[in-house]
Amino acid sequence: MVGCASAARAAIRRMLHRDWFPIDEAVDVQSAVAGTNAMYCALAWQGRLVGGFAGVPLATASESGPSTAVRLGPHLGMAEASRQLLAAMGATGFIGFDFILDQETGRPLLLECNPRPIQVCHLGHRVGVDLGKALAATMAGQTAPEMSATGFAEVVLFPHAFVRAAHPAAYYDIPADDVGLRRFASQQSEP
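Residues numbered from 1 in each chain as written. Predicted model: local features only at pLDDT ≥ 70, side-chain atom pairs only at ≥ 80, totals over all residues. Heavy atoms only, no water.

Caption draft 1: The layout of surface pockets, seen in detail. By volume, the largest pocket amounts to about 280 Å³. Taken together, 17 residues line the largest pocket, and the ones lying closest to its centre are Met39, Pro66, Ser67, Asp98 and Gln119. Of the residues in the lining of the largest pocket, the class split is 7 nonpolar, 7 polar and 3 charged. (1 Å grid on protein atoms, 1.4 Å probe; cavity = no way out; pocket = protein on both sides within 12 Å on 5 of 7 lines; lining within 4 Å. Points joined across faces, edges and corners; volume = space filled by probe spheres on them. Nonpolar A, V, L, I, M, F, W, Y, C, P; charged D, E, K, R; others polar.)

Now the structure itself:
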C-alpha cells in the first residue's frame, strides 16, 4: 500500500508540476470560533429568498455531530446572511446553510452551504413557514412576500424520536403514515 501511495503522489507532482504541498507559499490558518452550531433552511427562487427558518440544536449525537433535537424558529442574522448568499448565487431550490453563532456576539458565521433539503425542511409548518406549499405556489407563478418563522417549536428528529425521555414536551418527528413505526415508537416510550 505504501508503494502505491508514493507512486500516486509522484504522479500528482508530475501532473501539477510542483510538490504535493506547496512549500513556497504561505499557509492559511483560520481561528477557532467558540459558539453554537445552527442551521438555516431556505427555499430560493432565482436568487430570491422565498422563505426560511432557523434551527438551533438542543441535543446532538456527539459533541460536534448531527442534531437529534432542535429548536426551530426565526433568526434575523441567519435569514439576512442566507438572503445575501442566495442572491449572490442566483440560487433556486431548497438550500441549507450551516452557521456557528459566535459565543461573544451571537453573530452567525457561515460554515457551509448544502444545495438540497436539510433534515428539518419538512417541519417549517410548525413555525409558520410551509416551504412545500411555498414552492408549489412559486412554481405556479404566484409571488408572495418572503415567509419568515412566526414562532418557535422544539422537535426531536427521526430516528431519535423513539427516545421520549430526551425532550418530553417536544414534537416527535416520526412518519405518521407508518403504522408499524408508530407502534414501535409507542412501545419505546412506555416504562
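Here the narrative resumes, following the displayed structure.
Caption draft 2: The packing of aromatic side chains, seen in detail. With the rule as written, the count across this model stands at 1 aromatic pair. Taken together, a centroid distance of 6.3 Å and an interplanar angle of 40 degrees make the contact between Phe97 and Phe99 tilted. Relative accessible area serves as the criterion here: at 1%, Phe97 is assigned to the buried category. A residue is classified by how much of its surface remains accessible, and Phe99, at 1% relative accessible area, is buried. The ring of Phe152 has Arg71 lying over it, and the distance from NZ or CZ to the ring centre is 3.9 Å. (Phe/Tyr/Trp six-rings, centres within 6.5 Å; stacked < 30°, edge-to-face > 60°. Buried < 20%, exposed > 50% of the residue type's maximum accessible area, 1.4 Å probe, protein only. Lys NZ or Arg CZ within 6 Å of the ring centre and 35° of its normal.)

Caption draft 3: Structural view of the pairing of strand E4 (residues 93–102). Burial analysis of E4 places 8 of its 10 residues in the buried class, the great majority of the element. Where strand E1 (residues 35–45) lies against E4, 10 bridges are found, and the strand directions are antiparallel. Looking at the pairing, Asn37 lines up with Ile100 of E4. With antiparallel pairing between neighbouring strands as the criterion, E4 and strand E5 (residues 108–114) make up a hairpin whose turn holds 5 residues, including Gly106 at a positive phi of roughly 80 degrees. (Helix = DSSP H or I, 4+ residues; strand = E, 2+ residues; numbered from the N terminus. Pairing = 2+ DSSP bridges.)

Caption draft 4: The environment of Asn114, seen in detail. The topology assignment puts Asn114 in strand E5. Note on Asn114: relative accessible area 12%, which makes it buried. Once the C-alpha coordinates of Asn114 and Ile95 are considered, the two residues, 19 residues apart in sequence, prove to be 5.7 Å apart. For Asn114, the contacting residues outside a window of four places in its chain are Phe94, Ile95, Gly96 and Asp98. (Contact = heavy atoms within 4.5 Å.)

Caption draft 5: Representation of the pattern of salt bridges within the structure. The full count for this structure, using the stated rule, is 2 salt bridges. Measuring nitrogen to oxygen at the nearest pair gives 2.3 Å for the salt bridge that ties Arg83 to Glu80. Of the two residues, Arg83 and Glu80 both sit in helix H2 (residues 76–89), 3 residues apart, roughly one turn of that helix. With a shortest N-O distance of 2.5 Å, Arg83 and Glu146 are connected by a salt bridge. Taken as a pair, Arg83 in helix H2 and Glu146 in the loop between helix H3 (131–139) and strand E6 (147–148) lie far apart in primary sequence, 63 residues in all. (Salt bridge = Lys/Arg side-chain N within 4 Å of Asp/Glu carboxyl O.)

Caption draft 6: Region of the structure containing the nonpolar core. With 19 residues, the main nonpolar core has Cys41, Phe53, Val70, Leu72, Val120 and Leu131 as its most contacted residues. Mapped by element, the contributors of at least two residues to this core are E1, strand E2 (48–60), strand E3 (67–73), H3 and strand E7 (153–156). With 3 residues, the top contributor of residues to this core is E1. If sequence neighbours within four positions are ignored, Cys41 has contacts with Gly51, Gly52, Phe53, Ile95, Ile118, Val120, Cys121 and Leu131. Counting 14 residues, the second-largest nonpolar core is a separate cluster that includes Ala38, Ala42, Leu49 and Met78. (Core = buried A, V, L, I, M, F, W, Y, C linked by side-chain atoms within 4.5 Å.)

Caption draft 7: Focus on unusual backbone geometry. A positive phi angle is found at Gln46, which is not glycine, with a value near 50 degrees. Relative to the helices and strands, Gln46 resides in the loop between E1 and E2. Accessibility expressed as a relative area gives 62% for Gln46, which makes it exposed.

Caption draft 8: Quick peek at H2. Given a rise of 1.5 Å per residue, 14 residues ought to cover 20 Å, and the 20 Å separating the end C-alpha atoms of H2 matches this to within 8%. Structurally, H2 contributes buried residues whose contacts are with E1, E2, E4 and E5. In the stretch just after H2, Gly90 is the one whose phi turns positive, near 65 degrees. (Expected span 1.5 Å × (residues − 1).)

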